[in-house]
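So the chains spell out like this:
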Amino acid sequence: MRGFLIALLLVLAPAPLAARDKPSRDAVTWAFEHSDIPVDPSFRFGRLDNGMRYVIRRNATPAGTAIVRMDVEAGSLDESDAEQGYAHFVEHMAFNGSRRVPEGQMIPLLEREGLAFGADTNASTGFDRTLYKLDLPRNDPALLDTALMLMRETASELAISQAAVDRERGVVLAEMRDRNSWALRNAIDSALFFYPQARYARRFPIGTAQTLAAADAATLRAFYEREYVPGHTTLVIVGDFDVAAVEAGIIRHFNDWRARAAEPQPDAGPIRAKDRDRTAIHLDPALSERVTVQANGAWRDERDSVAQRRETLLRSIGYDIVNRRLQRLARTAEPPFRGAGFGTGDVFEAGRSTRLIVDTVDGKWEAGLEAAGREYRRALAYGFSDAEVAEQVAQVRTGIVNAAAAADTRSNAVLAQLALSLVDDDMVPSTPKSALERFEGFAPHITPAAIRAALRRQALPLDRPLIRFQGRRSPTGGEAALRAAWLRVMRAKIDPEAPVAATDFAYTEFGAPGAIIADSRRPDLSIRQVRFVNGVMLNLKKTDLEKDRIRVSLAIDGGDMLNTRANPHATQLTPNLDDGGLGRHSRDELDTILAGRTVGLGLSRGEASFDSRVATTPRDLEIQLQLLAALVTDPGYRPEGEVRYRQAINNYFAQLGATPGSALEAHLGEILSDGDPRFSLGQVEEYRHLSYAQLKQDIGDRLAHGALEIGIVGDIDEDAAIALVARTFGALPAREPAFRSYADQPPRRFTANRSPRVVRHTGPSDQALLRVTWPTRDDSDPVEALQLELLERVMRVELTDQLREALGKAYSPSASSSLSRAWKGYGVFAVNASVDVAEVPATRAAIDQVVRELRAAPVSEDILRRARQPLVEGLQNALKGNGGWMALVARAQSQPDRIDRFQESARRLAAITPANIQAVARRYLAPDAGVEVLVLPKDAAPARSES
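The shown structure was predicted, so the numbers you read here are calculated from the model rather than taken from an experiment.

Undergrad: What am I meant to see in the overall build of the protein here?
TA: A tally of helices and strands in the protein yields 29 helices and 23 strands. Expected size for 947 residues packed as a compact globule is a radius of gyration near 30 Å; at 29 Å, the protein falls within 12% of this value. With respect to the three principal axes, the spread of C-alpha positions in the protein is 75 × 70 × 65 Å. Here the protein holds 947 residues, and 59% of them are scored as buried. Taking contacts inside the protein between residues at least 6 apart in sequence as the whole, the part at least 24 apart equals 84%. Here the protein displays about 36400 Å² of accessible surface, and carbon together with sulfur accounts for 52% of that area. Positive and negative side-chain charges of the protein, numbering 121 and 127 respectively, have mean locations separated by a distance of 2 Å.

Undergrad: Any chance you could explain the nonpolar core here in plain terms?
TA: Across soluble globular proteins, you tend to see nonpolar side chains buried next to one another. If you look at the biggest cluster of nonpolar residues, it comprises 76 residues, and the most contacted ones within it are L538, V552, I710, I712 and F729. If one sorts the elements of this core by residue count, helix 18 (residues 621-633) sits on top with nine residues. When near neighbours in sequence (up to four residues on either side) are disregarded, V552 contacts S612, R613, V614, T616, L621, L625, L628, I710, G711, I712 and M886. In this structure, I56, M93, L110 and I250 belong to the second largest nonpolar core, which totals 55 residues.

Undergrad: Honestly, the environment of V920 in this entry has me stumped. Any pointers?
TA: Within the element layout of this structure, V920 appears in helix 29 (residues 914-924). Taking the C-alpha atoms as reference, V920 lies 8.3 Å from R855; in sequence the two are 65 residues apart. What V920 contacts, discounting residues up to four positions off in sequence, is E784, Q787, L788, L791 and L925.

Undergrad: Which parts of the structure should I look at to understand helix 18?
TA: Compared with the 18 Å implied by 1.5 Å per residue over 13 residues, the 18 Å span of helix 18 between its first and last C-alpha is a close match. Judged by how many residues are buried, helix 18 sits mostly within the fold: 11 of 13 residues are covered. Residues of helix 18 that are buried make contact with strand 15 (550-557), helix 17 (587-593), strand 17 (609-616), helix 22 (692-705) and helix 23 (718-727).

Undergrad: Is there a simple way to explain the sheet that holds strand 13 (residues 528-532) in this structure?
TA: Pairing between the strands of a sheet comes from backbone hydrogen bonds, and it takes one of two forms, parallel or antiparallel. If you walk across this open sheet you meet the seven strands as 12-13-14-18-15-17-16, and the pairing is mixed. Looking along the sheet, the strands with just one partner apiece sit at the ends: strand 12 (516-521) and strand 16 (604-605). Pairing analysis gives seven bridges linking strand 15 to strand 18 (residues 708-714), with the strands arranged antiparallel. Each bridged residue has a counterpart across the sheet, and for R551 the counterpart in strand 18 is V713. Running at roughly 25° to strand 13, helix 23 makes contact with strand 12, strand 13, strand 14 (537-542) and strand 18 of the sheet. Running over the sheet, helix 27 (residues 882-889) touches strand 14, strand 15, strand 17 and strand 18 and is turned about 155° from strand 18.

Undergrad: Quick question: what am I supposed to make of unusual backbone geometry here?
TA: A negative phi holds for most residues other than glycine; trans holds for most peptide bonds. With an omega of -5°, the peptide bond between T61 and P62 qualifies as cis. Residue P270 follows G269 across a cis peptide bond; omega there is 5°. Phi angles above zero are rare outside glycine, and I160 is one such case at about 45°. Mapped onto the elements, I160 comes out in the loop between helix 4 (141-156) and helix 5 (162-179).

Undergrad: Would you explain the packing of aromatic side chains in this entry?
TA: Remark: the centre distance and the inter-plane angle together describe each pair of aromatic rings, the angle taken between the planes. What the rule picks out here adds up to 24 aromatic pairs. Each ring, one from F127 and one from F204, has its centre 5.4 Å from the other, and the planes form 75°; the classification is edge-to-face. With F127 in the loop between strand 4 (121-125) and strand 5 (130-136) and F204 in the loop between helix 6 (182-194) and helix 7 (209-214), this residue pair connects regions lying 77 residues apart in the sequence. Accessibility assignment for this pair places F127 and F204 in one class, buried. On the basis of an interplanar angle of 85° and a centroid distance of 5.4 Å, the ring pair of F679 and W823 is categorised as edge-to-face. Remark: W823 occurs in the loop between strand 21 (814-819) and strand 22 (827-836) and F679 occurs in the loop between helix 20 (660-672) and helix 21 (684-688); sequence separation between them is 144 residues. We note that F679, like W823, is buried.

Undergrad: Looking at this structure, how should I read the pairing of strand 4?
TA: Taken residue by residue, a regular strand's side chains alternate between the two faces of the sheet. Among the five residues that make up strand 4, four are buried, leaving the element largely enclosed by the rest of the structure. Where strand 4 hands over to strand 5, the hairpin turn is made up of four residues, counted between the paired strands.

Undergrad: Just to check I follow, could you spell out the packing of helix 2 (residues 86-93) against helix 5 for this structure?
TA: If you want to describe how two helices pack, look at the angle between their axes and the distance between the axes. Running from N to C, helix 2 and helix 5 point in directions that differ by 120°, and their axes come no closer than 10 Å. Considered as vectors, helix 2 and helix 5 are oriented oblique to each other. The two elements helix 2 and helix 5 cross, and the hand of that crossing is right-handed. Judged by residue contacts, H88, F89, H92 and M93 of helix 2 engage A164, V165, E168, R169, V171, V172 and E175 from helix 5. Of the residues assigned to the contact of helix 2 with helix 5, the class counts are six nonpolar, two polar and three charged.

Undergrad: Would you mind showing me how to read the pattern of salt bridges here?
TA: Pairing is possible between side chains of opposite charge, provided their charged atoms come close. The final tally for this structure, using the stated rule, is 87 salt bridges. Among the salt bridges present, the one from R605 reaches D560, with a minimum N-O distance of 3.0 Å. Within this pair, whereas R605 is found in strand 16, its partner D560 is found in the loop between strand 15 and helix 17, the two being separated by 45 residues in sequence. Judged by relative accessible area, R605 falls into the partly exposed class, the value being 32%. Residue classification places D560 among the partly exposed residues on the basis of a relative accessible area of 22%. Here R796 and E792 are joined by a salt bridge, their closest N and O atoms 2.2 Å apart. Here R796 pairs with E792, and both are found in helix 24 (residues 782-806), just four residues apart, close to one helical turn. Take R796: its relative accessible area is 34%, and that puts it in the partly exposed class. Here the salt bridges share partners, and the residues they tie into one network are R324, R328, R331, E391, D578, R587, D588 and D591.

Undergrad: Please clarify how the sheet that holds strand 11 (residues 466-471) should be interpreted in this entry.
TA: Taking strand neighbours across the sheet as the criterion, the five strands line up as 7-11-8-10-9 in an open arrangement whose pairing is mixed. The strands lining the two open edges of the sheet, one partner per strand, are strand 7 (279-283) and strand 9 (339-347). Strand after strand, the sheet turns through a mean of 15° between neighbouring axes, direction not considered. The sheet strands contacting helix 16 (residues 478-491) are strand 7, strand 8 (289-297), strand 10 (351-360) and strand 11, and the helix crosses strand 7 at an angle near 125°.

Undergrad: Mind showing me how you'd approach the UniProt feature "domain: Peptidase M16 N-terminal" (unreviewed entry) in the protein here?
TA: The feature "domain: Peptidase M16 N-terminal" (unreviewed entry), as annotated in UniProt, sits at residues 55-183 in this numbering. Within the segment residues 55-183, helix and strand shares are 40% and 18% respectively, and the terminal C-alpha atoms sit 36 Å apart.

Undergrad: Is there a simple way to think about the environment of I67 in this case?
TA: In this structure, I67 sits in strand 3 (residues 66-72). Exposure remark for I67: the relative accessible area of 7% places this residue in the buried category. Those residues within four positions of I67 in sequence are excluded, and the remaining contacts are L134, D135, V236, I237, V238, N412, A413 and A416.

Undergrad: So what exactly am I meant to see when it comes to the packing of helix 18 against helix 23 here?
TA: Look at helix 18 against helix 23: their axes get within 9 Å of each other, and the N-to-C directions meet at 30°. Here helix 23 runs roughly parallel to helix 18, going by the angle between their axes. With respect to the hand of their crossing, helix 18 and helix 23 are arranged in right-handed fashion. The segment helix 18 lies against helix 23, with L621, E622 and L625 engaging A721, L724, V725 and R727. Counted by class, the contact of helix 18 with helix 23 contains five nonpolar, no polar and two charged residues.

Undergrad: Looking at this structure, I do not really get the environment of Q876. What am I missing?
TA: Position of Q876 relative to the elements: it lies in helix 26 (residues 861-877). In the structure, Q876 is positioned 739 residues away from P137 in sequence and 8.8 Å away in space, judged by C-alpha atoms.

Undergrad: Just to check I follow, could you spell out helix 28 (residues 897-911) for this structure?
TA: Helical geometry: 3.6 residues make up each α-helical turn, so side chains three or four residues apart lie on a common side. With 15 residues, helix 28 extends 20 Å between its outermost C-alpha atoms, agreeing within 8% with the 21 Å of an ideal straight helix rising 1.5 Å per residue. At S905, helix 28 shows its maximal kink, close to 50°.

Conventions and cut-offs
- Residues numbered from 1 in each chain as written.
- Predicted model: local features only at pLDDT ≥ 70, side-chain atom pairs only at ≥ 80, totals over all residues.
- Heavy atoms only, no water.
- Helix = DSSP H or I, 4+ residues; strand = E, 2+ residues; numbered from the N terminus.
- Rg over C-alpha atoms; globule rule 2.2 N^0.38 Å.
- Buried < 20%, exposed > 50% of the residue type's maximum accessible area, 1.4 Å probe, protein only.
- Contact = heavy atoms within 4.5 Å.
- Areas by Shrake-Rupley, 256 points an atom, 1.4 Å probe, with all protein chains shown as cover.
- Lys, Arg positive; Asp, Glu negative; His and termini not counted.
- Charge placed at Lys NZ, Arg CZ, Asp CG, Glu CD.
- Core = buried A, V, L, I, M, F, W, Y, C linked by side-chain atoms within 4.5 Å.
- Expected span 1.5 Å × (residues − 1).
- Pairing = 2+ DSSP bridges.
- Axes fitted to C-alpha atoms, helices over the stretch in contact; angles between N-to-C directions.
- Phe/Tyr/Trp six-rings, centres within 6.5 Å; stacked < 30°, edge-to-face > 60°.
- Parallel < 35°, antiparallel > 145°, perpendicular 65-115°, else oblique.
- Left-handed = near helix turned anticlockwise from the far one by under 90°.
- Nonpolar A, V, L, I, M, F, W, Y, C, P; charged D, E, K, R; others polar.
- Salt bridge = Lys/Arg side-chain N within 4 Å of Asp/Glu carboxyl O.
- UniProt positions renumbered as here; feature names shortened; annotations may be inferred.
- Bend = angle between axes of the 7 residues up to and from the residue.

Right under this line is the structure:
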């Protein structure tokens, strides 16, 4: 939900907000018609006589695909008190029958065309608009015509029958139930505190149980016919189609839509500009400690122009410098807070807010507030240094340069979002080249004085602010203590910022470049495979799919195979390795050194490898490789990284059990493994004692000697890339030539105890989660692995049809098949459904029925097609992006079977029959083979397994 997310950002995010979230002020013109910013001529803009607008652009990234978006200016702000939740309810009804599409047939129709429900077919409702989304896997004119037909049906021809309303009501209420989390409740409370009179604070899109229960076909239709009018609607189509043909299709489908009056949207406010001196405390056991200090002011009508963008850039740099200072404090070995942020943003077109947000460990709010408040005051009093400005200007320049260099291969999604920003926010979509020219012309005027002046022009003074505390325990002294602490902040003596010493990157030399002992090319896919004398493997694929973009992968032998029963958390700190910086640079120093560089840093944990995936450019490939090589050879293991980890892990454990999903996560590994500590969460004390010193001991050998494989995909010069790898990873001491099998590790076993289990959560009393998990196999058989994947898709279709559409019991039932590559013989197939506590027996019966039917008889050809076609389209489009290529390139030498499997996948997928699906269901989904885990509220009556 776009507006909904912006509202959450408004009250939760520590960064400056995006520009306002209000529709265009003048519905009969485009923003570029009264702006001096030149619009990108590759977009075609149009308006039908009935008032509906459209934006079209031809684009071939990915080739042969397209996306369709219908933006309707109808959201929860348009609802009366009695209509709360109706905009979202109508969105649901768009999938439940229209003049040309019978109820329940829209999703199947699209699935047969290769659009997966949720991934390719979706919609979202916000405060001020509803967005309908179709991602077309082919540029087939017939498929485009179908998409246009469905959008027109949604715009004006929905059936909204009473029977369909009654069925869908259960799904909408299920979504309300699932979204009722501590995070949402906190967001609503925050909005009501900061904007107590505002309409939007009482119009969260999900609505209320009372209004949703009262909704019927007549009242929903009244809302639909009032709000879904041509003047509220814009169609955006970007893809590999002829623009004139698309335009003709839009005219053919929408030109006869009868124009009706477009009512203006109610204001999101009012927001009192002089709302001051109020304080509130909100407590929840799942909430980490946060203090928000905020001032509200009047909204400013700042239309998009060259001058306004310059002003916005100056402000943005100012806020970024303040937040950089706050980040530096959070990264110290004794940080005053976990994180903090300062910014100003619009609240729709009703007001603007300046806020300072401070996140602290429990009980440390006062020290955190004083430290963050000091930086806020320091910035406004003394401004910024030339070095701080240069660091942020370098970041901005790099972003604009990269955008200009990659302009010709921007994705359909990126271009569609530019069009939607014009529709929703009146932001003119200009070319990246013109944006770069404007930036370079203005760059000499980006000075410390100009930035400070721009910040002071926008930021509201926080001298008599609203203060809100959230956390698990009330602050000592209550509201008075909060107010007194801020008063001390405002009265404290402030000194200028101390300069930060600059330094050069210290990791440019790794030894003599490595010699190449093997260099070959796969003739089928033109993947080049190189091996250096030290054992390092390098795989390369040059593409023109993303101009000026390079993806780099790194895999090092090890991963979670290093965890043992005696030391089950050996690799736990690996994803936090970069927080400890490098031997010669702290993590914070690296951010300054690398300002203006497009690089990434970090390692993740896989089953049997440590991995990194980063994106860079041809200009920065060298320093990207140097940076990764430095992390592998000289990690800093600095104490500030440990501190950040412990802060995060304490908060993670404190939130466990607050929702059904987190409660399941806490216990599932232990249940399925019979308590094997390698796969069980364990206790928080185990994690608090983890250290970098232990991590170094546990993974240091693998970082130094483990087999290492690099993948490079994108806009590369192959020989130049090979030379760069030779000077970095190729120059390292000899490594093991192959990844280990870890056959000596005790196997991963599925529990022998098939009795149902119950886990308790502390969330709302109506929330339950039912999961059934069956043991399957590893992924060594590519045919059966694909059959299980298709069974997963069949199960999703059947569960959606049964639990969501037919019974209205669940919002998003799911199925998954996960087959291990590293743990021989291990894999699982699982079904999940979030339901009302009272609906657990019916849900269990429905799942049992679906499983029995899959085992008893072959599925219909239609169900198989609905499940298979999105997979088919995904395979056909997989190599139209560098991400798909990287999946093959990353381990091309150590796991060549991945490539062979991919090449055979389409043939094997086409060969799977309904009988195959039945056979694999019979083999693995036996009624007594699965383990049921039921997550219930802590005070719910005992489940059958507890009786």
